[in-house]
Amino acid sequence: MRHTLEAKWIASFVLAIMFGVMASVSQAQQQGDPAQQTPAAEQSESLLAGTLSQLEGVPALTVSTTADGGQQYSVTLQILFIMTALTLLPALAMMMTSFTRIIVVFAILRQALGLQQTPSNQILLGLALFLSVFIMSPVFQRVNEEALQPYLAETLSADQALAAAETPFREFMTAQTRESDLALFLDLAQIDNLNSVDEVPMTVLIPAFVTSELKTAFQIGLSLIHI
């Protein structure tokens, strides 16, 4: 019921903007004569007033507490979070997948062959992207089954879905991260007394993973040069 009200609020808000624009256009067409008002302008104003009256009592942003003590955000607030997260998507694609290793190896190999700009950067990026999708497909499938679909079915809250989506990526990055690199960043962050790798914060695991990927990429690239 709450989701229905929020969807109604969004639709009403869009209609209000449209009717407001129609009323402004009709008023501008009168060429500064306030005594004359066309039927279209009157109809737009009445529809605008009726639409705005429906918005009363419907909150734009709501945060409710669940039974387990968590927080449930409204659809409008979730959309805001999603749009903000989309700006970080390119960085996440490079830092949490095999993309970094692949593109660095391709770049080193191209320079070693003396080809300069052949193949072009667009081709290398495309190859690295689709190879990364192929390699990461088991992880993406788990995220879809364990986090995305339950969230869409409203069996998981936003916080629970985010935690469920984090687990496959954490397992992938942990398997590809050197223990020395992980220990280095844990020492820099002054974090100790961890019982297992699962307790390592993502703010430590991600830079350790990227560092290991860069080391592996240069090792692979230099090995290809000496073949």
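Remember, predicted model here, so these are calculated numbers, not experimental data.

**Quick look at the overall build of the protein chain**
Part 1 of the argument: When you go through the protein chain residue by residue, the secondary structure sums to 9 helices and 2 strands.
Part 2 of the argument: Secondary structure elements of the protein chain, listed N to C terminal, follow the sequence α-α-β-β-α-α-α-α-α-α-α.
Part 3 of the argument: By residue count, 28% of the 227 residues in the protein chain fall in the buried class.
Part 4 of the argument: Taking contacts inside the protein chain between residues at least 6 apart in sequence as the whole, the part at least 24 apart equals 64%.
Part 5 of the argument: Within the structure as shown, the protein chain displays about 14,700 Å² of accessible surface, and the carbon and sulfur contribution to it stands at 66%.

**Focus: the packing of aromatic side chains**
Part 1 of the argument: Tallying each qualifying case throughout the model produces 2 aromatic pairs.
Part 2 of the argument: Between Phe140 and Phe169 the ring centres are 6.1 Å apart and the planes differ by 55°, which places this aromatic pair in the tilted class. With Phe140 in helix H6 (residues 121–152) and Phe169 in helix H7 (residues 158–176), this pair connects stretches of sequence that are 29 residues apart.
Part 3 of the argument: A relative accessible area of 35% means that Phe140 is categorised as partly exposed.
Part 4 of the argument: Taking the relative accessible area as the measure of exposure, Phe169 reaches 16% and is therefore buried.

**As for the confidence of the model for the protein chain**
Part 1 of the argument: Per-residue confidence for the protein chain gives a mean pLDDT of 74; residues scoring 70 or more make up 64%.
Part 2 of the argument: Taken as a whole, residues 1–8 scores under 50 in pLDDT and shows 12 contacts with residues more than four places along the chain or in a different chain.
Part 3 of the argument: In this model residues 31–37 is a low-confidence stretch, pLDDT under 50, and it forms 4 contacts with partners more than four residues away in sequence or in other chains.

**Here we look at helix H9 (residues 202–225)**
Along an α-helix, a turn takes 3.6 residues, which lines up residues three or four apart on a common side.
Part 1 of the argument: Over its 24 residues, H9 extends 34 Å from the first C-alpha to the last, a length consistent with the 34 Å expected when each residue adds 1.5 Å.
Part 2 of the argument: Considered for burial, the residues of H9 that qualify are Met202, Val204, Leu205, Ala208, Phe209, Val210, Ser212, Glu213, Thr216, Ala217 and Gly221.

**Structural notes on the packing of helix H5 (residues 99–112) against H9**
Part 1 of the argument: Between H5 and H9, the least distance of the axes is 8 Å, while the angle of their chain directions is 30°. The angle between H5 and H9 falls in the class roughly parallel. The element H5 and its partner H9 pack so that their crossing is right-handed. Contacts from Thr100, Arg101, Val104, Val105, Ile108, Leu109 and Ala112 of H5 reach H9 at Glu213, Leu214, Thr216, Ala217, Phe218, Ile220, Gly221, Leu224 and Ile225.
Part 2 of the argument: Among the residues making up the contact of H5 with H9, the classes are represented as 11 nonpolar, 3 polar and 2 charged.

**Re the packing of H5 against H6**
Part 1 of the argument: Contact geometry for H5 and H6: axes closest at 9 Å, N-to-C directions at 145°. The crossing of H5 and H6 is right-handed. Side by side, H5 and H6 meet where Phe99, Ile102, Ile103, Phe106 and Arg110 of the first sit next to Asn121, Leu124, Leu125, Leu127, Ala128, Leu129, Leu131, Ser132 and Ile135 of the second.
Part 2 of the argument: Each residue belonging to the contact of H5 with H6 can be placed in one class, and the counts come to 11 nonpolar, 2 polar and 1 charged.

Parameters and conventions
Residues numbered from 1 in each chain as written. Predicted model: local features only at pLDDT ≥ 70, side-chain atom pairs only at ≥ 80, totals over all residues. Heavy atoms only, no water. Helix = DSSP H or I, 4+ residues; strand = E, 2+ residues; numbered from the N terminus. Buried < 20%, exposed > 50% of the residue type's maximum accessible area, 1.4 Å probe, protein only. Contact = heavy atoms within 4.5 Å. Areas by Shrake-Rupley, 256 points an atom, 1.4 Å probe, with all protein chains shown as cover. Phe/Tyr/Trp six-rings, centres within 6.5 Å; stacked < 30°, edge-to-face > 60°. pLDDT = per-residue confidence, 0-100. Expected span 1.5 Å × (residues − 1). Axes fitted to C-alpha atoms, helices over the stretch in contact; angles between N-to-C directions. Parallel < 35°, antiparallel > 145°, perpendicular 65-115°, else oblique. Left-handed = near helix turned anticlockwise from the far one by under 90°. Nonpolar A, V, L, I, M, F, W, Y, C, P; charged D, E, K, R; others polar.

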